[in-house]
Amino acid sequence: MAQIGGRSTYQFLNLVSSPRQAAMGGKQITGYGQNPTEGIYNPASINSAMRNQLAVNYVNYLGDINYGSAAYAFAWKETEKVLHAGVTYVNYGQFDGFDEFGNATGAFSGGEVALSLGYAAQIPNSNFYGGTNVKLISSKLEEYSSLGGALDLGLMYYKKSTGFNAALAIRNVGVQLTTYAGVQEDLPLEVALGVSKILENVPIRWSFTLENLQVWNIAFGNPVRDQEGLSGEIVKEDDPGFFNNFLRHTVFGVEFFPERNFNIRLGYNFRRGEELRIIDQRTFAGISGGIELKIKKLRFSYTYARYTAAASSSFFGLNIDLK
């Protein structure tokens with residue numbers, strides 16, 4: 001009963017898909033530009049500027065876990081209609097296997113992958129865009145394997161002249177097609193809402209995202225933070241209120257020089273910072289930062305994300321213009 005992470009399977013589907021997302025706090029769904037990786041997380045961002053753009057991303061994640069993504073957008077036939085293809089994979093590394101008596105059974109590994117195909121279109125006579133991804137999911141953990149199918153739905157308001165974007169993403173609506181061991185499990189449904197704005201006369205874009213809106217109460221009391229009296233009795237239990245719970249849905253990011261050849265990005269994830277912080281110690285949990293550099297037809301991205309005093313991750317990205 002101590003663990004709450006087993007509510008759904010294929011949890012890798014909600015991992016950060018690009019260095020830009022990671023630098024902006026870990027969730028950012030209002031990106032609208034050339035980087036096709038944005039289409040993996042929010043299909044409404046698929047647009048003609050992504051045409052013939054290839055993005056490859058790699059993450060040195062926690063422990064021995066590595067994962068990455070790749071995306072490419074191409075025109076359908078000779079029209080301006082753009083299709084988007086993406087792949088996300090995760091490799092959990094090698095494990096030493098033992099039976100219930102402690103006898104070694106040999107090493108094993110685990111990995112998962114999701115393939116997606118997406119399309120977006122402008123809603124007539126408006127600045128709204130709607131898109132969808134169709135995903136095929138494959139997972140193999142030791143001797144167990146599973147297949148699944150899912151849809152991502154996205155809606156975005158985009159008006160270039162104002163620099164204001166707003167977006168809604170409903171992700172991982174689907175089912176397991178085959179189970180690991182005969183038990184049907186839910187997929188990790190996620191609902192996110194975000195806004196972003198480029199400031200007038202200032203080369204800064206700010207981004208504000210509300211994540212995990214499908215479950216409002218995500219703040220849990222931590223007994224370690226209970227206040228005790230002189231004799232050890234509990235004086236006040238740790239009980240996060242409404243405002244604390246609201247903050248844990250919040251991700252904030254800022255991007256300097258967003259439309260230049262060199263960008264600087266900073267972000268803060270309130271839930272990560274609150275859940276992974278150490279009492280009376282400054283660990284900078286929840287903070288992330290990154291850069292992007294454009295050289296001719298190449299864009300190089302790097303992001304550093306802080307989780308705890310003992311864990312952090314590096315995100316690497318390469319975007320290639322194949323026009």
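This text follows the structure it describes.
Now for a quick tour of the structure.

Cut-offs and rules
Every chain begins its residue count from 1, and numbering advances along the sequence as written. Where totals are concerned, whole chains, interfaces and linings use all residues; where local detail is concerned, this predicted model gives features only for residues with pLDDT of at least 70, and gives and counts side-chain atom pairs only at 80 or more. Just so you know, side-chain values use all the structure's heavy atoms and leave hydrogens and water out. In this description a helix means any DSSP run of H or I spanning at least four residues, a strand means any run of E spanning at least two, and both kinds are numbered starting from the N terminus. Each radius of gyration is computed over the set of C-alpha atoms, and the globule rule expresses the reference value as 2.2 Å times the number of residues to the power 0.38. Buried, partly exposed and exposed residues are distinguished by accessible area as a fraction of the type maximum, computed with a 1.4 Å probe on protein chains only: under 20%, between the cut-offs, and over 50%, respectively. A pair of aromatic rings is counted whenever rings of Phe, Tyr or Trp (Trp by its six-membered ring) have centres within 6.5 Å, and the orientation is called stacked for planes under 30 degrees apart, edge-to-face for over 60 and tilted otherwise. Buriedness for pockets is judged along seven lines, at least five of which must meet protein on both sides within 12 Å for an open set on the 1 Å grid over protein atoms alone, while cavities are sets there where a 1.4 Å probe fits but cannot get out, and lining residues have an atom within 4 Å of a point. Grid points are joined across faces, edges and corners, and a volume is the space filled by probe spheres set on the points. Charged means Asp, Glu, Lys or Arg here, nonpolar means Ala, Val, Leu, Ile, Met, Phe, Trp, Tyr, Cys or Pro, and polar covers whatever is left, Gly included. Here a residue-residue contact requires only that any non-hydrogen atoms of the pair lie within 4.5 Å. The rule for pairing is simple: two strands pair if DSSP sees at least two bridges between them. Here, the term nonpolar core denotes a set of buried Ala, Val, Leu, Ile, Met, Phe, Trp, Tyr and Cys residues that are joined through side-chain atoms within 4.5 Å. We call two N or O atoms a polar contact when they sit within 3.5 Å, provided that within protein one can donate a hydrogen and the other can accept it, with sequence-adjacent residues counted only if both atoms are side-chain atoms. Each patch is assembled from residues with relative accessible area greater than 30% and no salt bridge, linking like charges that lie within 9 Å and nonpolar side chains (Val, Leu, Ile, Met, Phe, Trp, Tyr) that lie within 5 Å. Values of accessible area rely on a 1.4 Å probe in the Shrake-Rupley scheme; residue burial ignores everything except the protein chains shown. For this analysis, a salt bridge means a side-chain nitrogen from Lys or Arg found within 4 Å of a carboxyl oxygen belonging to Asp or Glu.

This next bit is on the overall build of the protein. In terms of regular secondary structure, the protein is built from four helices and 16 strands. Against the compact-globule benchmark of 20 Å for 323 residues, the protein has a radius of gyration of 21 Å, which places it among compact chains. Its C-alpha atoms put the protein at 70 × 50 × 35 Å along the principal axes. Expressed as a percentage of the 323 residues in the protein, the buried residues total 42%.

Looking now at the packing of aromatic side chains. Per the stated rule, a full pass over the model turns up 13 aromatic pairs. Seen in terms of ring centroids, tryptophan 216 and phenylalanine 242 are 5.8 Å apart; in terms of plane orientation they differ by 35°. Their pairing is tilted. Taken together, the positions of tryptophan 216 in the loop between strand S9 (204–210) and strand S10 (227–228) and phenylalanine 242 in helix H3 (residues 242–247) put the pair 26 residues apart, joining distant regions of the chain. On the basis of relative accessible area, tryptophan 216 is assigned to the partly exposed category, the value being 31%. In textbook terms, an aromatic cluster arises when at least three aromatic residues are bridged by ring pairs, as seen for Tyr32, Tyr129 and Tyr158.

The space that makes up the second largest pocket amounts to roughly 1,000 Å³. Lining of the second largest pocket is provided by 47 residues; of these, Tyr32, Gly33, Gln34, Tyr158 and Arg205 occupy positions nearest its centre. Among the elements of the structure, helix H1 (19–23), strand S1 (53–60), strand S4 (104–122), strand S8 (190–198), strand S13 (262–269), strand S15 (298–308) and strand S16 (311–321) are those that each provide at least two residues to the lining of the second largest pocket. Its residues assigned to classes, the lining of the second largest pocket comprises 14 nonpolar, 19 polar and 14 charged.

It is worth spelling out the environment of leucine 136 at this point. Following the sequence through the fold, leucine 136 ends up in strand S5 (residues 128–141). Placed 22 residues apart in sequence, leucine 136 and alanine 114 show a C-alpha to C-alpha distance of 5.6 Å. The contact partners of leucine 136, leaving out residues within four places of it in the chain, are Val113, Ala114, Leu115 and Gly148.

What follows concerns the pairing of S16. For S1 and S16, the ladder comprises eight bridges, and the chain directions are antiparallel. In the strand pairing of S16, valine 59 is matched with phenylalanine 315. Relative to S16, S15 runs antiparallel, the two being bridged by 10 bridges. In the sheet register, threonine 308 faces S16, and the bridge partner there is alanine 311. From the end of S15 to the start of S16, which pair antiparallel, there are two residues.

Bringing the nonpolar core into the picture now. Grouped together as the largest cluster of nonpolar side chains are 18 residues, with contacts concentrated most on Tyr10, Phe12, Leu13, Tyr61, Tyr67, Ile137 and Phe315. Other than its neighbours up to four places away in sequence, phenylalanine 315 contacts Val16, Pro19, Ala22, Tyr58, Val59, Tyr67, Ser301, Tyr302, Thr303, Ala305 and Tyr307.

So, on to empty space enclosed by the protein. Scanning the entire structure with this criterion turns up one cavity of 30 Å³ or more. Approximately 140 Å³ is the volume attributed to the largest cavity. What lines the largest cavity is a set of 18 residues, among which Leu13, Ile40, Thr88, Lys135 and Arg171 lie closest to the centre. Residue composition of the lining of the largest cavity, grouped by class: 10 nonpolar, five polar and three charged.

Along the chain, asparagine 57 falls in strand S1. Reaching out from asparagine 57, the side chain makes a polar contact with the side chain of threonine 37 at a distance of 3.2 Å. Not counting chain neighbours up to four residues away, the residues in contact with asparagine 57 comprise Ser17, Ser18, Pro19, Thr37, Gly68, Ser69, Phe316, Gly317 and Leu318.

Right, let's get into a nonpolar patch on the surface. Residues Phe257, Phe262, Ile264, Leu266, Ile291, Leu293, Ile295, Leu298 and Phe300 make up a contiguous nonpolar surface patch of roughly 700 Å² in combined accessible area. Position of isoleucine 264 relative to the elements: it lies in strand S13. The exposure class of isoleucine 264 is partly exposed, given its relative accessible area of 30%.

With respect to the helices, strands and loops of the structure, glutamine 53 is situated in strand S1. Of the polar contacts made by the side chain of glutamine 53, one reaches the side chain of asparagine 319; its length is 3.0 Å. When near neighbours in sequence (up to four residues on either side) are disregarded, glutamine 53 contacts Gln34, Pro36, Ala71, Tyr72, Ala73, Asn319, Ile320, Asp321 and Lys323.

The next thing to look at is the pattern of salt bridges. It is possible for side chains bearing opposite charge to pair when their charged atoms get close. Under the defined criterion, the tally for this structure stands at 11 salt bridges. Residue lysine 27 pairs with glutamate 190 through a salt bridge whose shortest N-O separation is 2.5 Å. Placement of lysine 27 in the loop between H1 and helix H2 (38–41) and of glutamate 190 in strand S8 is noted, with a sequence separation of 163 residues between them. Among the ionic pairs, arginine 265 bridges to glutamate 292, the shortest N-O distance being 3.2 Å. Separated by 27 residues along the polypeptide, arginine 265 in strand S13 and glutamate 292 in strand S14 (residues 287–295) bring together distant segments of the chain. What makes arginine 265 buried here is its relative accessible area of 2%. In this structure glutamate 292 comes out as buried when scored by relative accessible area, which is 8%. Each of Arg20, Glu38, Arg205, Glu255, Arg265, Glu292 and Arg299 takes part in salt bridges that share partners, so that together they form one network.

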